[in-house]
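Here is how the chains run, residue by residue.
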Amino acid sequence: MEKILIIGACGQIGVELTLALRKEYSNQQVIATDIRDEHELLKGTGPYAILNAMDASALLEIIRKEKITQVYLLAAVLSATGEKDPKRAWDINMQSLMQLLDIGVQEKLHKIYWPSSIAVFGTSTPKQNTVQKTIIEPQTVYGISKYAGELWCQYYNDRWGLDVRSLRYPGLISWKSAPGGGTTDYAIEIFHEALRSGHYTSFLDKGTYLPMMYMDDAIRATIELMESPSEKIKSRMSYNVSAMSFSPEEIAAEIRTHIPNFTIDYAPDFRQKIAEGWPQSIDDSAATSDWGWKPEFDLRKMANEMLTHLKG
Ligand code: AKB
């Protein structure tokens, strides 16, 4: 019987992934952990423990005690927060991964999931329909840590046969749990502000296209990747996955079809430079051909879901 540990279960991906895995398996088979107090939406849905992703001995203890077979490591410092304290971002992102990879080999874990990001790409990468294997020279500490992590995942698979799987998420858009310090967070803030005040000042400029995905698609991609037979996982670096691509004025125009008086203006800050280093759209054909990935949400469908749920 599989027993799953989620590290970073109270974050933007963690909350929804924990709930989805508890549906797929059973509540007792999925142990949620985070350094924070339990998220409201997780309360009463299954086991919860406080765990610092940097604490290797606490991690080993819980893996042994709960007879864990799979770990999802979601704790990370994202792009915008990472630039404020690069050394701290590097330490957290790398140490949490490296100790898990070692424990994975030692404890013979069946599978590990570790998310990467479109942040691995930099200004030297072709911007349109960016393929999985291309020029990769990340410019943020977050991107550097994700690319180094991808290489380490591949190394542990190659050298010790550890079954580590990974996706390069685009910007993720969700209403259940808040995002934490990313450059793509504007695409969530805009919905909250549209409903609250009817106006949004975007920290990314007009014409800044970025690849994005609705959380339901991201959760399904993650679970489909993890449940695919091992022989279908041909990349042990990380898979590109994609769903939609838009600019601030395009998402604003979509919101205006629901809230006609909604207005937007632009005050780009340090995150503009980060966004300009990333691709505008992603080619995910490797994920499609290897394990059958197909997105379900485009801009229209996603905006409709966001506004319906946030209105309550
Ligand atoms: C960020 O903006 O840092 C993240 C990401 C694209 O990985 N949402």
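Structural data are supplied above this passage.
Presented here is a report on the structure given in the accompanying data block. (Residues numbered from 1 in each chain as written. Predicted model: local features only at pLDDT ≥ 70, side-chain atom pairs only at ≥ 80, totals over all residues. Heavy atoms only, no water.)

## Let's talk about the overall build of the protein
Alright, step 1. Across its full length, the protein holds 11 helices and 14 strands.
Alright, step 2. For 312 residues, the compact-globule estimate of 2.2 N^0.38 gives 20 Å, and the C-alpha radius of gyration of the protein, at 19 Å, lies within 12% of that figure.
Alright, step 3. Along the first, second and third principal axes, the C-alpha atoms of the protein reach 55 × 45 × 40 Å.
Alright, step 4. Burial status across the protein gives 54% buried among its 312 residues.
Alright, step 5. Summarising the internal contacts of the protein: among those between residues at least 6 apart in sequence, 79% fall at separations of at least 24.
Alright, step 6. Carbon together with sulfur atoms contributes 51% to the accessible area of the protein, which is approximately 13200 Å² in total. (Helix = DSSP H or I, 4+ residues; strand = E, 2+ residues; numbered from the N terminus. Rg over C-alpha atoms; globule rule 2.2 N^0.38 Å. Buried < 20%, exposed > 50% of the residue type's maximum accessible area, 1.4 Å probe, protein only. Contact = heavy atoms within 4.5 Å. Areas by Shrake-Rupley, 256 points an atom, 1.4 Å probe, with all protein chains shown as cover.)

## Remarks on the side chain of Glu254
Alright, step 1. By the secondary structure assignment, Glu254 is in helix H8 (residues 248–256).
Alright, step 2. If we ignore the near neighbours within four places in the chain, the residues touching Glu254 are Leu299, Arg300 and Ala303.

## Overview of the pattern of salt bridges
Alright, step 1. Counted by the stated rule, this structure contains 15 salt bridges.
Alright, step 2. We note a salt bridge from Glu224 to Arg220, for which the minimum N-O separation is 3.0 Å. Of the two residues, Glu224 and Arg220 are both situated in helix H7 (residues 215–227); the distance of 4 residues between them amounts to about one turn of the helix.
Alright, step 3. By relative accessible area, Glu224 is classed as partly exposed at 26%.
Alright, step 4. Ionic pairing is found between Arg271 and Asp269, a salt bridge with its closest N-O pair at 2.6 Å.
Alright, step 5. By relative accessible area, Asp269 is classed as partly exposed at 28%. (Salt bridge = Lys/Arg side-chain N within 4 Å of Asp/Glu carboxyl O.)

## Some remarks on the environment of Trp160
Alright, step 1. Along the chain, Trp160 turns up in helix H5 (residues 141–160).
Alright, step 2. With 55 residues separating them in the primary sequence, Trp160 and Val105 have C-alpha atoms 6.9 Å apart.
Alright, step 3. Setting aside residues up to four positions removed in sequence, Trp160 forms contacts with Val105 and Tyr155.

## Details of unusual backbone geometry
Alright, step 1. We note that Lys67 has phi near 50°; this positive angle belongs to a residue other than glycine.
Alright, step 2. With respect to the helices, strands and loops of the structure, Lys67 is situated in the loop between helix H2 (56–65) and strand S4 (70–73).
Alright, step 3. Despite not being glycine, Asn129 shows a phi value in the positive range, around 45°.
Alright, step 4. In this fold, Asn129 is placed in the loop between strand S6 (116–117) and H5.

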